[in-house]
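# Structural features, examined
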Amino acid sequence: MRLNTLFAVVAPLALLLPLTAHADWPKGEREKYMAQCTEAATPQIGAAAAKAHCACGADAIKSYPASDIQALMDNKAAPELQQKALGQIAKCKADNKAKK
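Residues numbered from 1 in each chain as written. Predicted model: local features only at pLDDT ≥ 70, side-chain atom pairs only at ≥ 80, totals over all residues. Heavy atoms only, no water.

Let us now look at the overall build of the protein chain. Regarding its fold elements, the protein chain presents five helices and zero strands. The order of helices and strands in the protein chain, counted from the N terminus, is α-α-α-α-α. With 100 residues in all, the protein chain has 23% of them scored as buried. In the protein chain, of all internal contacts separated by at least 6 residues, the share reaching a separation of at least 24 is 65%. Per element, the accessible surface of the protein chain, about 7300 Å² overall, is 63% carbon and sulfur. (Helix = DSSP H or I, 4+ residues; strand = E, 2+ residues; numbered from the N terminus. Buried < 20%, exposed > 50% of the residue type's maximum accessible area, 1.4 Å probe, protein only. Contact = heavy atoms within 4.5 Å. Areas by Shrake-Rupley, 256 points an atom, 1.4 Å probe, with all protein chains shown as cover.)

Encoded structure:
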């Protein structure tokens, strides 16, 4: 019976471990990303669309570990990580076209 009690306590904690590996954006980095992204995108698609696209992109990669997000923001990420992030952000562009 003690084993069942122990399992009941430990199982939920074990299921939460993957969630701790993925943090939200490091402090201040999401705002930095949004500023850079909207500045770059506004001339091509307009301010409102740029803000929506950049917010979608920020949400698309927020599940990455904080260290990966920081590496992307510092332009020190491995090429594979850069391509993965660009692929996630590109889905936002496709989603926006589908909604129109």
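Glycine aside, a negative phi is what most residues show, and trans is what most peptide bonds show. Of note, N75 is a non-glycine position whose phi angle comes to about 60°, a positive value. Take N75: it is sitting in the loop between α4 (66–73) and α5 (79–99).

Formed by 15 residues in total, the largest nonpolar core has its most connected members in W25, Y33, I61 and Y64. Elements with a contribution of two residues or more to this core: α2 (29–45), α3 (47–61), α4 and α5. Beyond its immediate stretch of four places on either side in the chain, W25 contacts R30, Y33, A58, I61, K62, I69 and M73. (Core = buried A, V, L, I, M, F, W, Y, C linked by side-chain atoms within 4.5 Å.)

Per-residue pLDDT for the protein chain has a mean of 79; in total, 70% of the residues score no lower than 70. Of all the helices and strands in the protein chain, helix α1 (residues 2–21) carries the lowest mean pLDDT, 44, while α4 carries the highest, 94. Across residues 3–22, where pLDDT falls below 50, the model places five contacts with residues more than four positions away in sequence or in other chains. (pLDDT = per-residue confidence, 0-100.)

What is meant by a disulfide is a covalent connection between two cysteines, made through their sulfur atoms. Evaluated as defined, the whole model comprises two disulfides. Linked covalently through their sulfurs, C37 and C54 form a disulfide whose S-S length is 2.0 Å. Across the S-S bond linking C37 and C54, the dihedral sits near -85°, which makes this disulfide left-handed. Pair noted here: C37 is in helix α2 and C54 is in helix α3, with a separation of 17 residues, a long-range link. Here C56 engages in a disulfide with C92; their sulfurs sit 2.1 Å apart. Given an S-S torsion of about -85°, the disulfide between C56 and C92 has left-handed geometry. Of the two residues, C56 sits in helix α3 while C92 sits in helix α5, which places them 36 residues apart along the sequence. Of note for the protein chain: the bonded cysteines, numbered N- to C-terminal, pair according to 1-2, 3-4. (Disulfide = S-S within 2.5 Å.)

Let us look at the environment of Q88. Relative to the helices and strands, Q88 resides in helix α5. Here Q88 is in contact with A60, I61 and Y64, once residues within four sequence places are set aside.

Counting through the fold element by element, E29 comes out in helix α2. Not counting the four nearest positions on each side in its chain, E29 is found in contact with Q70 and M73.

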